Amino acid sequence: MNAVVATGVFVAFMVLTVVLGLLAVRGRGGGGGGLTEWSVGGRSLGAVLIWVLMAGESYTSFSYLGAAGWGYNHGAPVLYVVAYMSCGYAVGYLVGPLLWEYARRHDLVGLTDILAHRYGRPWLGAAVAVLATVFLLPYIQLQITGMGVVVSTISYGAISLNWAYFAAFAVTTGFVVVSGLRGSAWVSVLKDVLVIGTLAFLAVYVPLHYFDGYGPFLDRLVAEKREWLTLPGGSGGTSGSGAGGSGLGGAWYVTTSLLNALTVVIFPTTVAGYLGARDADALRRNAIWLPAYNVLLFVPMFLGMAALFVVPGLTGAGSNLALLELVVDSLPAWAVGVVGVAAALSSIVPMAVFMLVIGTMWGRSVFPLLSRRRGGEGRPAREVRQKGAAQVVVVVAGAVALILTYAAPTTLVRLSLISYEGMAQLLPLVLLGLMWKRFTLAAGLSGLVVGVAVVCALVFTGRDPVWGVNAGIVALGANLGVALVVMYGTYGTYGTYGVYGTRAACAAARTGPAPYSYRAGGRRHGPVTVSLSFIVPASNGPRT
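Residues numbered from 1 in each chain as written. Predicted model: local features only at pLDDT ≥ 70, side-chain atom pairs only at ≥ 80, totals over all residues. Heavy atoms only, no water.

Caption draft 1: Just the overall build of the protein, in detail. Tallying secondary structure elements over the protein gives 22 helices and four strands in all. Residue burial in the protein is summarised as follows: out of 544 residues, 55% are buried. Sequence separation of at least 24 residues holds for 78% of the intrachain contacts in the protein that already meet a minimum separation of 6. Of the accessible surface of the protein, which amounts to about 20,800 Å², a share of 67% is contributed by carbon and sulfur atoms. (Helix = DSSP H or I, 4+ residues; strand = E, 2+ residues; numbered from the N terminus. Buried < 20%, exposed > 50% of the residue type's maximum accessible area, 1.4 Å probe, protein only. Contact = heavy atoms within 4.5 Å. Areas by Shrake-Rupley, 256 points an atom, 1.4 Å probe, with all protein chains shown as cover.)

Here you go:
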């Protein structure tokens, strides 16, 4: 009977989710329009929808499963999540409006679009799209797996993992293909209401139910599991001994928080949220408000530690069920169903944005290079065609992740080890490229290749952390160092006429006949064109 009630609640909310996502485009052409409307909501989302969307992207199945599991296994090190997200919002206060303004001015819809325009190389956008897809597919697979575990647990085993995996794919694809980013934002409203309500309830209920309050719970935690309250944390749910050899010490904590805080602002899903905003002020306001949402992350972390005393002995992947085990053990079936829906939506919303972003990158940056139908096609027709290609890619990307979840689950799990640290290697190419106009493509690509190679070498040989610090930040240091060496080693400055470029180009400018010629902002100036991007006259300054 419990299984029937909990499953009924879950199914009802999943139907509501699909309906809500589809209703998001009511009054906006019923899902019509081009790629801009579909991928970034027509750049018309207000402060509230941007807030719930970006909060929804950050609050994934990790919050119910991984955060509780880390709290169960290690304790204090899991606080890096709160640290990096809060710091990331502070960085986003500056970076978000920068990306939004650049994309709005040049009619761009994604990170790969921005890079292709900044460096004047369409193939660069396509190459980054392929690389980002490799790094993002594991996140789709992790959300599918997370929702499968949640649904199977809250249904008391009545729904198998395989059917739960398929439900995650079907529900997400059902609305994101039609509604795009706007549909994800509307579903985020339902998700955030349930997340805030269920976690606020559990934060009060679990300590009272099992320990008679926070006082007795924390007293017991200090007495029996003291290591869980300091770095480097505990050694797992089966022992009270420390974990000094875990590598999760102070240096790891600081470097991981720093790396992730910088990376999150250029993560393709975050950029999609930025570009969907109505104006830059909405992004600044959200950067101020969003850290308050992180308070909720303390709940699964503490409840994971509470599970040490209620369900001891969880090991491996089983520790990720620490929070759900408390829920199933102590709540009636209908309440279990509601908590399960909140956890499931925490998988669906970010998975929808991951799929949307992959579709957008391929529809805008990859397929246009493969299809040469450019002449005579107006912008509306081109946008509709790109949107159609992006929608197909959404289904394909989700299907690939689903099939690999069934057939070869460890393949994407191994890739997930380098996903975030790999995406971090795009930081110089993106941020330095936008903020420093003399930063060159050769420098950015050289650093990117070295950074990704270092990450793969360290992570896949089991050396993360390395020397006590996050392997990704070591790779990023190598990336930046190589980029600067390449840039200063191959580029110089000829300041008299404000020409920046290769030494050869500068020499040509020195000896060639006046007036000197240059290419700036896509325009041709003078009798001869120096074929270099971002060569500008001194009187105008760097163009953006």
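Caption draft 2: Spatial organisation of unusual backbone geometry. Note that the residue after Leu231, namely Pro232, is joined by a cis bond; omega there is 10°. Within the secondary structure, Pro232 sits in the loop between α10 (214-224) and α11 (250-263). With an omega of 10°, the peptide bond between Asp464 and Pro465 qualifies as cis. Mapped onto the fold, Pro465 is located in the loop between α20 (441-460) and α21 (471-490).

Caption draft 3: Looking closely at the nonpolar core. One finds Met14, Tyr64, Ile140 and Leu426 to be the most contacted residues of the largest nonpolar core, which totals 158 residues. With residues up to four places along the chain from it excluded, the contact list for Ile140 reads Met351, Phe354, Met355, Ile358 and Ala401. (Core = buried A, V, L, I, M, F, W, Y, C linked by side-chain atoms within 4.5 Å.)

Caption draft 4: Just a nonpolar patch on the surface, in detail. Taken together, the side chains of Val11, Val15, Val19 and Leu23 present a nonpolar region at the surface, about 300 Å² in accessible area. Counting through the fold element by element, Val15 comes out in helix α1 (residues 2-23). (Patch = residues over 30% accessible without salt bridge, like charges linked within 9 Å, V, L, I, M, F, W, Y side chains within 5 Å. Salt bridge = Lys/Arg side-chain N within 4 Å of Asp/Glu carboxyl O.)

Caption draft 5: Structural detail: the packing of helix α7 (residues 111-119) against helix α8 (residues 122-154). Between α7 and α8, the shortest axis-to-axis distance is 7 Å and the interhelical angle comes to 150°. On the basis of the axis angle, α7 is roughly antiparallel to α8. Seen from above, α7 lies across α8 with right-handed handedness. On α8, the residues touching Thr112, Leu115, Ala116 and Tyr119 of α7 are Pro122, Leu124, Gly125, Val128 and Ala129. Grouping the amino acids of the contact of α7 with α8 by side-chain chemistry returns seven nonpolar, two polar and no charged. (Axes fitted to C-alpha atoms, helices over the stretch in contact; angles between N-to-C directions. Parallel < 35°, antiparallel > 145°, perpendicular 65-115°, else oblique. Left-handed = near helix turned anticlockwise from the far one by under 90°. Nonpolar A, V, L, I, M, F, W, Y, C, P; charged D, E, K, R; others polar.)

Caption draft 6: Focus on the pattern of salt bridges. Evaluation of the coordinates by the stated rule reveals nine salt bridges. Arg284 is paired through a salt bridge with Asp281; the nearest N and O atoms lie 2.9 Å apart. Here the residue Arg284 and the residue Asp281 both occupy positions in helix α13 (residues 280-293), the gap between them amounting to three residues, near one helical turn. The exposure class of Arg284 is partly exposed, given its relative accessible area of 30%. Among the charged side chains, a salt-bridge network with shared partners connects Glu101, Arg104 and Arg105.

Caption draft 7: Examining the packing of α1 against helix α9 (residues 161-211) more closely. The geometry of α1 relative to α9 is characterised by a closest axis approach of 6 Å and an angle of 115° between their N-to-C directions. It follows that α1 is roughly perpendicular to α9 by the angle criterion. Like other packed secondary-structure pairs, α1 and α9 cross with a definite hand, here right-handed. Residue-level contacts link Phe13, Met14, Leu16, Thr17, Val18, Leu20, Gly21, Leu22 and Leu23 of α1 to Val171, Gly174, Phe175, Val178, Ser179, Gly183, Trp186, Val187, Leu190 and Leu194 of α9. Of the residues contributing to the contact of α1 with α9, the split by class is 14 nonpolar, five polar and no charged.

Caption draft 8: Broad picture of helix α16 (residues 333-370). Look at α16: 52 Å from first C-alpha to last across 38 residues, which is about the 56 Å you get at 1.5 Å a residue. The principal kink in α16, of about 35°, is found at Gly363. With 32 of its 38 residues buried, α16 lies for the most part within the structure. (Expected span 1.5 Å × (residues − 1). Bend = angle between axes of the 7 residues up to and from the residue.)

Caption draft 9: Representation of the side chain of Thr153 within the structure. Mapped onto the elements, Thr153 comes out in helix α8. Given the relative accessible area of 19%, Thr153 is considered buried. A polar side-chain atom of Thr153 sits 2.8 Å from the main-chain carbonyl oxygen of Val149. (Polar contact = N/O pair within 3.5 Å; in protein donor to acceptor, adjacent residues only side chain to side chain.)

Caption draft 10: Quick look at empty space enclosed by the protein. If you walk through the whole model with that rule in mind, you get two cavities of 30 Å³ or more. Volume-wise, the largest cavity comes out at about 90 Å³. What lines the largest cavity is simply Ser39, Val40, Val109, Gly110, Leu111, Pro268, Val271, Ala272, Leu356, Val357, Thr360 and Met361. Counting residues per element, the lining of the largest cavity draws most heavily on α16, at four residues. In the lining of the largest cavity, the residues fall into nine nonpolar, three polar and no charged. (1 Å grid on protein atoms, 1.4 Å probe; cavity = no way out; pocket = protein on both sides within 12 Å on 5 of 7 lines; lining within 4 Å. Points joined across faces, edges and corners; volume = space filled by probe spheres on them.)

Caption draft 11: A look at the packing of aromatic side chains. The final tally for this structure, using the stated rule, is 19 aromatic pairs. Note on Trp70 and Tyr80: the rings are 5.7 Å apart at their centroids and 55° apart in plane angle, and the pair reads as tilted. Of this pair, Trp70 sits in helix α5 (residues 66-73) while Tyr80 sits in helix α6 (residues 80-106), placing them ten residues apart in sequence. Using a relative accessible area of 24% as the deciding quantity, one classes Trp70 as partly exposed. A relative accessible area of 13% means that Tyr80 is categorised as buried. (Phe/Tyr/Trp six-rings, centres within 6.5 Å; stacked < 30°, edge-to-face > 60°.)

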